[in-house]
Structure formats: structure tokens, C-alpha cells
Amino acid sequence: MSSSQLHNPREVWFLGAPVSKAIAISTAIVFVVAEMNKWHDALMLDTTKIFDHAQFYRIFVCNLTFASMGELIFGSMALCPLMRRFEREMGSRRFAAFIIYSSFISTIFELIVFNIFFDIDRYSGPYPQLGAVLALYHKFTPRLHPKFFGVLGYDFSEKSMIYGLCAQVILSGGLSTIIPTFVGFLSGLLCVNLSETELPEFVYTMGLVVGKAFVDESPPIMMSRTVQRGAERANRPRGAPTGGARAPAPAAPRPPPPPPEEAIVQLTSMGFERQAVVRALQQTDNNIEAAANRLMG
């Protein structure tokens, strides 16, 4: 087995997150197609054209991709890591339900807001989906480092880095991008519990058939026993005994100290099971930050 086959599974970035991978790839593909054919105006959520000219297709295509290359780059940088993380935590079935429910509710909110209160065109882009996963991030991600850095005497946590990146995307189009993100945030908060109600089974069946290309298999990280034994023979010093007399077995490692209850409570409040939290703390020598990264990775 070549060394190229023995790589870290983290190299498969979307491993365990096929829904997030499908959204990311389709967003990029649709952007290229829209850019080549000058279709960006046709993707905007224009309520006047929807209700006066019966262009109802805009309701379904407005979230497919961003309107500019800058929005696509920074939007993907903000959206993809959050989607991947929460899909791994929630599971693909529940995460898919969360995205569909929050998208449906946010679209209703947008049609009301842009038709009654704001007579402006809404730029295309998955801003409601960004707002929805930001709601998950805001609600379920604790601040591990409340004083991560300071500016002008004000302390900011490590979460501020994510908020800052998302703010660049959200504020890029003024109200045209702020409003859909805000209604997406509200929809995300409303759909946290609603996502426990799964979609009809035929939806998952269709998704499984269509989405096979987006499922990453876990790469091999260990050699087969035959290859391992061959490597051991090759590395054994000449003249070393091959059987009979064996070297004394190494002493068993000392078990790690039991995790403190405060650390367990802090991590279980993030939604992880207690047994998984205890195991992660034991594997990281009771380091809360490392255990959280392990659980979320």
C-alpha cells in the first residue's frame, strides 16, 4: 500500500457533511452558469415581477448563488464551515430538514417584508441559510475564550472572528442582504426544534439517489495486518528472535484522571452526549478546548 493511501481523514473536508457539500458545489456551479449567461438579474427576489408579472420562479431560485465573485468567495468562507460543523453535529437528515424548514419560513418572511415595507430588490444568494446557521452558532457554541483579543479596551471572544467574517458578507449589499440574513436568523431559531420532525421518507430517498456523488468515503488510515507484519519483519534487527523468546510487554499506561464535572457540564450544554464528552475529555487530558474540537470535528 502506497503512502498516498495513508492520509489523514481530515483531508476530506466535507467528510460526514454531504448536504453541505452539495450546497457548496451547486452554489459555485450556478454562479458560473449565471455569470456566463448574464442571468444574475433573473435570480433576484423582485416582488414586483413576482406578483405583477407572475414570475414565481424567482421564489425558488433567489437562494441558489451569490450575485458577485466577492460575495461568492467570502460567502462560501463564512457559510461552508458553519454548515459542515452543524451537519456533523445534527446528522445529515436532521440538518437537511433544518435547512428546508428555515428556507421555507424565511422566504415567506421575505415576501412580506420586501412587498410591504421595503420596495427594493433583494440580491440573489443563500443569505437566509447563512442567517439560519448563524443562529445555531450563536445559540449552541459557547465562548471558550472570552478574552481572545482586545480592541480599544474591549474584550472579544474567539466567536468574534466568525461574526466578523459573516458581517463582511451580510453588510455587502445593504438592506438587500441584511434583511434576508436577519429573517434567516429568526427562522433558524424557530426551526431548531422543528428540525426534529423529519421530512417524508421519499425526500430522503430522492436525496440519497441524487446525492451519491456528494458522499465522501472515509479514507483508509491504517495498513492491513499483512502489510503491518511485513513492515515489522523488515524493521526487525538481524538476529533478533522471531519466536519463542519474546521481549517483555511494556507496562500499561496510567489511566488519565477523571474529567471534572464542570468540564462535562460545559460540553454537554453544547448538545453533546455525556458519554461522548467524557470520552473526548479522557482522550485530550481533560482539555476542554481540545475536547470540543474533537467532538465537533
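Criteria and thresholds
Residues numbered from 1 in each chain as written. Predicted model: local features only at pLDDT ≥ 70, side-chain atom pairs only at ≥ 80, totals over all residues. Heavy atoms only, no water. 1 Å grid on protein atoms, 1.4 Å probe; cavity = no way out; pocket = protein on both sides within 12 Å on 5 of 7 lines; lining within 4 Å. Points joined across faces, edges and corners; volume = space filled by probe spheres on them. Helix = DSSP H or I, 4+ residues; strand = E, 2+ residues; numbered from the N terminus. Nonpolar A, V, L, I, M, F, W, Y, C, P; charged D, E, K, R; others polar. pLDDT = per-residue confidence, 0-100. Contact = heavy atoms within 4.5 Å. Core = buried A, V, L, I, M, F, W, Y, C linked by side-chain atoms within 4.5 Å. Buried < 20%, exposed > 50% of the residue type's maximum accessible area, 1.4 Å probe, protein only. Expected span 1.5 Å × (residues − 1). Bend = angle between axes of the 7 residues up to and from the residue. Salt bridge = Lys/Arg side-chain N within 4 Å of Asp/Glu carboxyl O.

J.: Describe empty space enclosed by the protein, listing the residues and the values that go with them.
T.: Inspection of the entire model under this criterion finds one cavity of 30 Å³ or more. Size it by volume and the largest cavity reaches roughly 40 Å³. Lining of the largest cavity is provided by I23, A24, T27, F66, S76, L79, C80 and M83. Sorting elements by how many residues they give to the lining of the largest cavity places helix α4 (residues 69-90) first, with four residues. Tallied by class, the residues present in the lining of the largest cavity amount to six nonpolar, two polar and no charged.

J.: Got a sec to walk through the confidence of the model for the protein chain? Specific residues and values, please.
T.: Averaged over the protein chain, the pLDDT score is 79; the fraction of residues at 70 or greater is 80%. Put simply, helix α10 (residues 225-235) is where the protein chain has its lowest mean pLDDT, 48, and helix α6 (residues 127-140) is where it has its highest, 93. Segment residues 218-231 is flagged for pLDDT under 50; beyond a separation of four residues in sequence, or across chains, it makes 15 contacts in the model.

J.: Quick rundown of the layout of surface pockets? Include the residues and the values.
T.: Looking at the second largest pocket, its volume works out to about 560 Å³. Secondary structure elements with two or more residues in the lining of the second largest pocket: α4, α7 (159-170) and α13 (288-296). Counting residues per element, the lining of the second largest pocket draws most heavily on α4, which supplies seven residues. Here the lining of the second largest pocket is composed, by residue class, of 14 nonpolar, four polar and seven charged.

J.: Quick one: what's the story with the environment of R88, residue by residue and with numbers?
T.: Here R88 lies in helix α4. Each C-alpha atom, one on R88 and one on M296, is 7.3 Å from the other, the two residues being 208 residues apart in sequence.

J.: Which residues make up the nonpolar core, and what values do they have?
T.: Counting residues in each nonpolar core, the largest one holds 30 residues, and the members touching the most others are L82, F86, F95, F98, L130, V133 and C166. Those elements that place two or more of their residues in this core are α4, α5 (92-117), α6, α7 and α8 (175-194). Once you skip the residues sitting within four places of it in the chain, L82 turns out to touch V133, L134, Y137, I162 and C166. In this structure, L267, F272, V277 and A280 belong to the second largest nonpolar core, which totals 12 residues.

J.: Residue-level account of α8, with values.
T.: The first and last C-alpha atoms of α8 sit 28 Å apart over 20 residues, in line with the 28 Å expected at 1.5 Å per residue. The principal kink in α8, of about 25 degrees, is found at G188. Buried within α8 are the following residues: S176, T177, I179, P180, T181, V183, G184, S187, G188, C191 and V192. On its buried face, α8 sits against α4, α5, α6 and α7.

J.: Residues and numbers for the pattern of salt bridges, please.
T.: Tallied over the entire structure, the rule returns three salt bridges. E89 serves as the salt-bridge partner of R85, at 3.2 Å between the closest nitrogen and oxygen. Residue R85 and its partner E89 are both found in helix α4; the two are separated by four residues, about one turn of the helix. R122 serves as the salt-bridge partner of E110, at 2.7 Å between the closest nitrogen and oxygen. Within this pair, whereas E110 is found in helix α5, its partner R122 is found in the loop between α5 and α6, the two being separated by 12 residues in sequence. By the burial criterion, E110 is buried, and R122 matches it.

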